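# Descriptive structure summary
Residue-level listing of the chains:
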Amino acid sequence: MRKVCVIGASGKLGRYMVGHALDRGYEVVGVCRERSVPKLADFADRITVVPGDTNDREVVRRAVAGCDGVLTVLVPWGVRQYSSGTAQAVLDFAEPGARLVFSCGWHVARDGRDRYTRRFRATVRVVTVLARLLRAVEVDDQVEAARRIFASDRRWTLVRGSDLEEGESQGLPVWSHHVGDPVLASNLTRRVDFALFMVAALTDDTLVGEAPAIVGRLTPSALAHAADGGSPAGHGAP
């Protein structure tokens, strides 16, 4: 892994990913909307910035050229199929053999073995309806983006995140194959650690073709899992 593209680099998660990638010595290309370029001022002399919408296929094509890995924040903003458009462009234009790591929320189900509480399902339904009425967010489009990723033969990982908070790093998050695993019950991850998991996934071949659901390493549910004999890496059972 030598050169990495971060799509959505100016957001909170994206900036953390840029920092982690630089810490590992990677050459970094960042993609963000032109008006958000100033948010990357702290990295201005250390990364290459490609301004433009992240679902602009030409922007993505230029940005991912020559990259060994692509980190993509699937943002469901607006009503222009932002997430699915971004995902499709990455799948189409990333270099052959590149590691592709995408981010989304727990609401994206991988298979029939994910388990959601009634409260969680109700919250997703309400947010989906309100967002559609306000024409602000397309929750269903993030699901469509995931469907395209799952169907791809690329070397992908889709990291499904819990609720997020700011704070000092707690280390690499714990993960499970399925939402609903007791290890995930705390439903909270430090944003800096979500980014850490994304960057670490670039060189973890055990995560190719996986959709890990993550939770903070020092949350009560993760600590209980470790106390009950969970694996050191915190991986849930298949």
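Located above this text is the structure these notes cover.
Presented here is a report on the structure given in the accompanying data block. Numbers given to residues run from 1 along each chain, matching the order in which its sequence is written. A pLDDT threshold of at least 70 governs which residues receive local features in this predicted model, and a stricter bar of 80 or more applies before side-chain atom pairs are shown or counted, although totals over entire chains, interfaces and linings include all residues. Excluded from the side-chain calculations are hydrogens and water; all other atoms, namely the structure's heavy atoms, are used.

## Remarks on the overall build of the chain
What counts, and what does not: Secondary structure counts use DSSP, requiring at least four H or I residues in a row for a helix and at least two E residues in a row for a strand, with both numbered from the N terminus. Whether a residue is buried, partly exposed or exposed follows from its accessible area with a 1.4 Å probe, protein chains only, as a fraction of its type maximum: under 20%, in between, or over 50%, in that order. Every accessible area reported is derived by Shrake-Rupley at a probe size of 1.4 Å, with residue values counting cover from the shown protein chains alone.
Looking only at helices and strands, the chain features seven helices and 10 strands. Buried positions account for 51% of the 238 residues belonging to the chain. Carbon and sulfur atoms provide 53% of the accessible area of the chain, an area that totals close to 11,100 Å².

## Some words on the environment of Ser84
Take Ser84: it is sitting in helix H3 (residues 82-93). C-alpha of Ser84 to C-alpha of Arg148: the two residues are 64 residues apart in sequence and 7.7 Å apart in space.

## Examining the state of the cysteines
Note the cut-off: The definition used for a disulfide is geometric: two cysteine sulfur atoms within 2.5 Å.
A full pass over the atoms with the stated rule returns zero disulfides. As a non-bridged cysteine, Cys67 has Cys5 as the owner of its nearest cysteine sulfur, 5.0 Å distant. Given a relative accessible area of 2%, Cys67 falls into the buried group.

## Side note on the packing of helix H2 (residues 57-64) against H3
Put simply, the test is: Angles run from 0 to 180 degrees between N-to-C directions of axes, and those axes are lines fitted to C-alpha atoms, restricted for helices to the stretch in contact. By the definition adopted for this analysis, an angle is roughly parallel if under 35 degrees, roughly antiparallel if over 145, roughly perpendicular if from 65 to 115, and oblique otherwise. Each helix crossing is assigned a hand: it is left-handed if the near helix lies turned anticlockwise from the far helix by less than a right angle, otherwise right-handed if that turn is clockwise. Pairs of residues are marked as contacts when any of their non-hydrogen atoms sit within 4.5 Å. Nonpolar residues are Ala, Val, Leu, Ile, Met, Phe, Trp, Tyr, Cys and Pro. Charged residues are Asp, Glu, Lys and Arg, and all others, Gly as well, are polar.
In contact at an axis separation of 9 Å, H2 and H3 are set at 45° when each is read in the N-to-C sense. When the axes of H2 and H3 are compared, the pair comes out oblique. Note on packing geometry: the crossing formed by H2 with H3 is right-handed. Only Gln88, Ala89, Val90, Asp92 and Phe93 of H3 make contact with H2, whose side of the interface consists of Arg57, Val60, Arg61 and Val64. Taken together, the residues of the contact of H2 with H3 break down into five nonpolar, one polar and three charged.

## Observations regarding the environment of Val49
Of note, Val49 is situated in strand E3 (residues 47-51). Measuring from C-alpha to C-alpha, the distance between Val49 and Val28 comes to 8.6 Å, with 21 residues separating the pair along the chain. Once residues within four sequence positions are removed from consideration, Val49 is found in contact with Gly30, Cys32, Val37 and Leu40.

## Thoughts on the packing of aromatic side chains
Cut-off, in case you're wondering: A pair of Phe, Tyr and Trp rings is counted when the ring centres sit within 6.5 Å of each other, with Trp represented by its six-membered ring. The angle between the planes then sorts it: under 30 degrees is stacked, over 60 is edge-to-face, the rest tilted. Throughout this description, the term charge over a ring refers to an Arg CZ or Lys NZ atom that lies within 6 Å of the ring centre and within 35 degrees of the ring normal.
If you walk through the whole model with that rule in mind, you get one aromatic pair. Between Phe150 and Trp156, the ring centres sit 5.4 Å apart and the planes meet at 50°, which makes this aromatic pair tilted. According to the relative accessible area criterion, Phe150 is partly exposed, its value standing at 22%. Looking at Arg110, its charged tip hangs above the ring of Phe150, at a distance of 4.9 Å from the centre.

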